[in-house]
Amino acid sequence: VQLQASGGGLVQPGGSLRLSCAASVRTVYTMAWFRQAPGKQRELVAAIYDDGSTNYADPVKGRFTISRDNAKNTVYLQMNSLKPEDTAVYYCAADRHPRYNGVSYDYWGQGTLVTVSS
């Protein structure tokens, strides 16, 4: 299974970006976005399960929205009201479990850099 992430870039504080991650197969059921800022550990940003339910980290609640298009095997992360502290490399991940809540996902995509700066 391959995950192809895209959509990172430079944005000003308060701006928006949308990340996309396409999976090469449909047989992945939990999909998620993680991020890793310089000098920090990788952390979960948001996850979406096979039934469409979602889970968000507290720092992004109300600002980020995770969604998926099963027909395209793609997961999205809409990021609004971006802050400098959102600057990080963002990674998509996928797991074969329909409701995986760990950090050891089966598959990982390459990172995409998001920089929030004026």
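Anyway, here's the lowdown on the structure attached to this text. (Residues numbered from 1 in each chain as written. Predicted model: local features only at pLDDT ≥ 70, side-chain atom pairs only at ≥ 80, totals over all residues. Heavy atoms only, no water.)

**Examining unusual backbone geometry**
Phase 1 of the analysis: Positive phi, normally seen in glycine, also occurs at N73, with a value near 50 degrees.
Phase 2 of the analysis: Here N73 shows up in the loop between strand 7 (64-69) and strand 8 (74-79).
Phase 3 of the analysis: Residue N73 is classed as buried on the basis of its relative accessible area, which comes to 19%. (Helix = DSSP H or I, 4+ residues; strand = E, 2+ residues; numbered from the N terminus. Buried < 20%, exposed > 50% of the residue type's maximum accessible area, 1.4 Å probe, protein only.)

**Details of the sheet that holds strand 7**
Strand pairing within a sheet occurs via backbone hydrogen bonds; the two strands may be parallel or antiparallel.
Phase 1 of the analysis: In space, the four strands of this open sheet follow the order 1-3-8-7, with antiparallel pairing throughout. Bordering the open sheet on either side are strand 1 (3-6) and strand 7, each of which pairs with just one other strand. The sheet shows a mean angle of 15 degrees between the axes of neighbouring strands, taken without regard to direction.
Phase 2 of the analysis: Across six bridges, the pairing between strand 7 and strand 8 is antiparallel. Directly across from F64, in strand 8, lies its bridge partner M79. (Pairing = 2+ DSSP bridges. Axes fitted to C-alpha atoms, helices over the stretch in contact; angles between N-to-C directions.)

**Points about empty space enclosed by the protein**
Phase 1 of the analysis: Inspection of the entire model under this criterion finds one cavity of 30 Å³ or more.
Phase 2 of the analysis: If you trace the largest cavity, you find it lined by A23, V25, R26, V28, M31, R68, D69, N70, N73 and T74.
Phase 3 of the analysis: Across the lining of the largest cavity, the residue classes tally to four nonpolar, three polar and three charged. (1 Å grid on protein atoms, 1.4 Å probe; cavity = no way out; pocket = protein on both sides within 12 Å on 5 of 7 lines; lining within 4 Å. Points joined across faces, edges and corners; volume = space filled by probe spheres on them. Nonpolar A, V, L, I, M, F, W, Y, C, P; charged D, E, K, R; others polar.)

**Overview of the nonpolar core**
When a protein is soluble and globular, its nonpolar side chains tend to lie buried together.
Phase 1 of the analysis: By size, the foremost hydrophobic cluster in this structure holds 29 residues, and its most contacted members are W33, L77, M79 and Y90.
Phase 2 of the analysis: Every element with two or more residues in this core is listed here: strand 1, strand 3 (17-23), strand 4 (30-36), strand 5 (43-48), strand 7, strand 8, strand 9 (88-95) and strand 11 (112-116).
Phase 3 of the analysis: Leaving out residues up to four positions away in the same chain, M79 has contacts with G15, S16, L17, L19, R63, F64, Y90 and V114.
Phase 4 of the analysis: Residues A47, A93, Y100 and Y105 belong to the second largest nonpolar core, which totals seven residues. (Core = buried A, V, L, I, M, F, W, Y, C linked by side-chain atoms within 4.5 Å. Contact = heavy atoms within 4.5 Å.)

**Describing the pairing of strand 9**
Phase 1 of the analysis: Burial of strand 9 is extensive: six of the eight residues sit out of reach of the surface.
Phase 2 of the analysis: Sheet topology note: the strand 4/strand 9 ladder contains seven bridges and is antiparallel. Residue pairing in the sheet places M31 in a bridge with A94 of strand 9.
Phase 3 of the analysis: Pairing geometry for strand 9 and strand 11, over three bridges, is antiparallel. The residue bridging Y90 from the neighbouring strand is T112, located in strand 11.
Phase 4 of the analysis: As paired elements, strand 9 and strand 10 (residues 107-108) share two bridges and run antiparallel to each other. Looking across to strand 10, one finds that A93 is bridged to W108.

**Some points on the packing of aromatic side chains**
Phase 1 of the analysis: Taken as a whole, this structure holds four aromatic pairs when the rule is applied.
Phase 2 of the analysis: Put simply, the rings of F34, Y100, Y105 and W108 pair up and form one aromatic cluster.
Phase 3 of the analysis: Positioned above the aromatic ring of W108 is the side chain of R42, whose terminal nitrogen or guanidinium carbon lies 3.9 Å from the ring centre.
Phase 4 of the analysis: Just above the ring of Y49 sits the side chain of R99; from NZ or CZ to the centre is 4.2 Å. (Phe/Tyr/Trp six-rings, centres within 6.5 Å; stacked < 30°, edge-to-face > 60°. Lys NZ or Arg CZ within 6 Å of the ring centre and 35° of its normal.)

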